[in-house]
Amino acid sequence: MNDRGYLRQGENAYIVGEKLRSGSPEVKAALSRQGRYGEITGNMRVKEVRISDTERFVICHNPEAAIRDQHIRDQLVAQLTTLIEDTDKLSDFKRGELRGRIADKPGLNRYLRTTPAGKLRIDTAKIKAEENLDGKYLLRCSDPDLSAEDIALGYKQLLEVERGWRDMKQIIDLRPVYHRLEERIRAHVVLCWLALLLIRIVETTTGETWTTVRRELDRLHLGTFTGPTGLFRQVTALTKPQTDLLTKLKIPAPKQIITLEPAPR
């Protein structure tokens with residue numbers, strides 16, 4: 001019995017994501033079905049396709065992710081084009097060496113094909129197939145009552161939970177834990193959770209990722225200077241992105257000159 005069969009025992013149901021590049025019959029059948037997408041949020045469209053009597057399949061499409069996928073692919077194809085340019089002039093051995101180096105880079109290797117004569121070419125058919133996957137993912141669900149929208153949003157919530165755990169471990173340094181006493185370990189976890197909560201509040205309020213917000217605010221510096229009139233501290237002049245972030249967060253902009261102390265006599 002596979003995992004899905006186990007989950008279906010009793011009254012259990014599941015929502016799982018399918019790998020679009022797996023080449024499974026279900027994926028091929030789902031992607032070949034025609035139909036219109038229904039928009040559920042500003043960056044999410046869904047379409048349910050009927051390919052099974054026991055399970056439901058929902059294709060989700062994110063237009064913003066589609067643009068990002070296309071941009072990444074264009075960069076990879078451009079890089080690959082530069083690498084294989086003029087390789088027809090190389091010896092078979094040198095061309096084979098280059099082919100081996102590209103094979104170690106899955107992103108580039110995905111769009112490379114080798115002709116029967118051993119020449120290196122851009123795989124235009126693969127690029128065309130990848131364009132059909134831009135911004136898409138496929139969900140499989142066993143619950144007969146959930147709407148396609150609820151299936152998509154439920155899975156999106158799971159992704160948010162997984163992103164939260166990644167942020168806790170990678171950004172907030174939940175692990176390793178250097179404490180031994182239980183109350184200190186609990187305090188450490190609670191502080192990390194509060195930090196994650198603040199990150200999500202910042203992201204929700206500003207509409208920006210925490211990486212972007214932190215990068216902009218990290219550019220603010222406080223310098224200490226001594227002049228003829230005394231010692232003063234000055235803050236870096238705010239850029240427009242920094243001003244916009246502080247405005248959205250309802251944080252007053254810092255004064256450019258923090259303190260002023262008279263010069264010693």
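Residues numbered from 1 in each chain as written. Predicted model: local features only at pLDDT ≥ 70, side-chain atom pairs only at ≥ 80, totals over all residues. Heavy atoms only, no water.

Q: Would you mind going over unusual backbone geometry in detail, with residue names and values included?
A: Backbone geometry places D86, a non-glycine residue, at a positive phi of 65°. Look at K250: it is not a glycine, yet its phi comes out positive at around 60°. Relative to the helices and strands, K250 is located in the loop between α10 (240-248) and β10 (257-262). Under the relative-accessibility criterion, K250 is labelled exposed at 76%. (Helix = DSSP H or I, 4+ residues; strand = E, 2+ residues; numbered from the N terminus. Buried < 20%, exposed > 50% of the residue type's maximum accessible area, 1.4 Å probe, protein only.)

Q: Describe the packing of helix α9 (residues 210-217) against α10, with residues and values.
A: Look at α9 against α10: their axes get within 10 Å of each other, and the N-to-C directions meet at 115°. The element α9 and its partner α10 pack so that their crossing is left-handed. Residue-level contacts link V213, E216 and L217 of α9 to P241, Q242, L245 and L246 of α10. (Axes fitted to C-alpha atoms, helices over the stretch in contact; angles between N-to-C directions. Left-handed = near helix turned anticlockwise from the far one by under 90°. Contact = heavy atoms within 4.5 Å.)

Q: Account for the packing of helix α7 (residues 148-170) against helix α8 (residues 182-206), naming residues and giving values.
A: Between α7 and α8, the least distance of the axes is 10 Å, while the angle of their chain directions is 120°. Taken together, the axis directions place α7 and α8 in an arrangement best described as oblique. Here the hand of the crossing between α7 and α8 comes out right-handed. Contacts between α7 and α8 involve E160, R163, G164, D167 and M168 from the former and C192, W193, L196, R200 and E203 from the latter. Split into classes, the residues belonging to the contact of α7 with α8 amount to four nonpolar, one polar and five charged. (Parallel < 35°, antiparallel > 145°, perpendicular 65-115°, else oblique. Nonpolar A, V, L, I, M, F, W, Y, C, P; charged D, E, K, R; others polar.)

Q: Let's hear about the pattern of salt bridges: which residues, and what values?
A: In a structure, side chains of opposite charge can pair up when their charged atoms sit close to one another. Inspection of the entire model under this criterion finds 16 salt bridges. With a closest N to O distance of 3.8 Å, E48 and R50 form a salt bridge. For E48, a relative accessible area of 27% puts it in the partly exposed group. Judged by its relative accessible area of 64%, R50 is exposed. Residue K240 pairs with D244 through a salt bridge whose shortest N-O separation is 2.9 Å. With K240 and D244 both in helix α10 and four residues apart, this pair spans about one turn of that helix. For D244, a relative accessible area of 31% corresponds to the partly exposed category. Within the structure, one salt-bridge network assembled from shared partners comprises E18, E26, E55 and R140. (Salt bridge = Lys/Arg side-chain N within 4 Å of Asp/Glu carboxyl O.)

Q: Any chance you could break down the packing of aromatic side chains for me, citing the residues and the numbers?
A: Scanning the model with the defined rule gives two aromatic pairs in all. Between Y137 and Y155 the ring centres are 5.9 Å apart and the planes differ by 35°, which places this aromatic pair in the tilted class. Of this pair, Y137 sits in strand β7 (residues 136-141) while Y155 is found in helix α7, placing the two residues 18 residues apart along the sequence. We classify Y137 as partly exposed; its relative accessible area is 21%. (Phe/Tyr/Trp six-rings, centres within 6.5 Å; stacked < 30°, edge-to-face > 60°.)

Q: Account for the environment of S142, naming residues and giving values.
A: Note on placement: S142 falls in the loop between β7 and α7. Under the relative-accessibility criterion, S142 is labelled buried at 11%. Distance in space between the C-alpha atoms of S142 and D92 is 53 Å, their sequence separation being 50 residues. Here Y14 takes part through its backbone nitrogen, which lies 3.0 Å from a polar atom of the side chain of S142. (Polar contact = N/O pair within 3.5 Å; in protein donor to acceptor, adjacent residues only side chain to side chain.)

Q: So what's going on with the sheet that holds β7? Residues and values would help.
A: The strand order across the open sheet formed by five strands is β1-β7-β4-β3-β2, and the pairing between neighbours is antiparallel. Lying at the two open borders of the sheet, with one neighbouring strand each, are β1 (15-18) and β2 (38-41). Across the sheet, the axes of successive neighbouring strands diverge by a mean angle of 35°, strand direction being ignored. (Pairing = 2+ DSSP bridges.)

The quantities given are spatial measurements derived from coordinates; they are silent on function.
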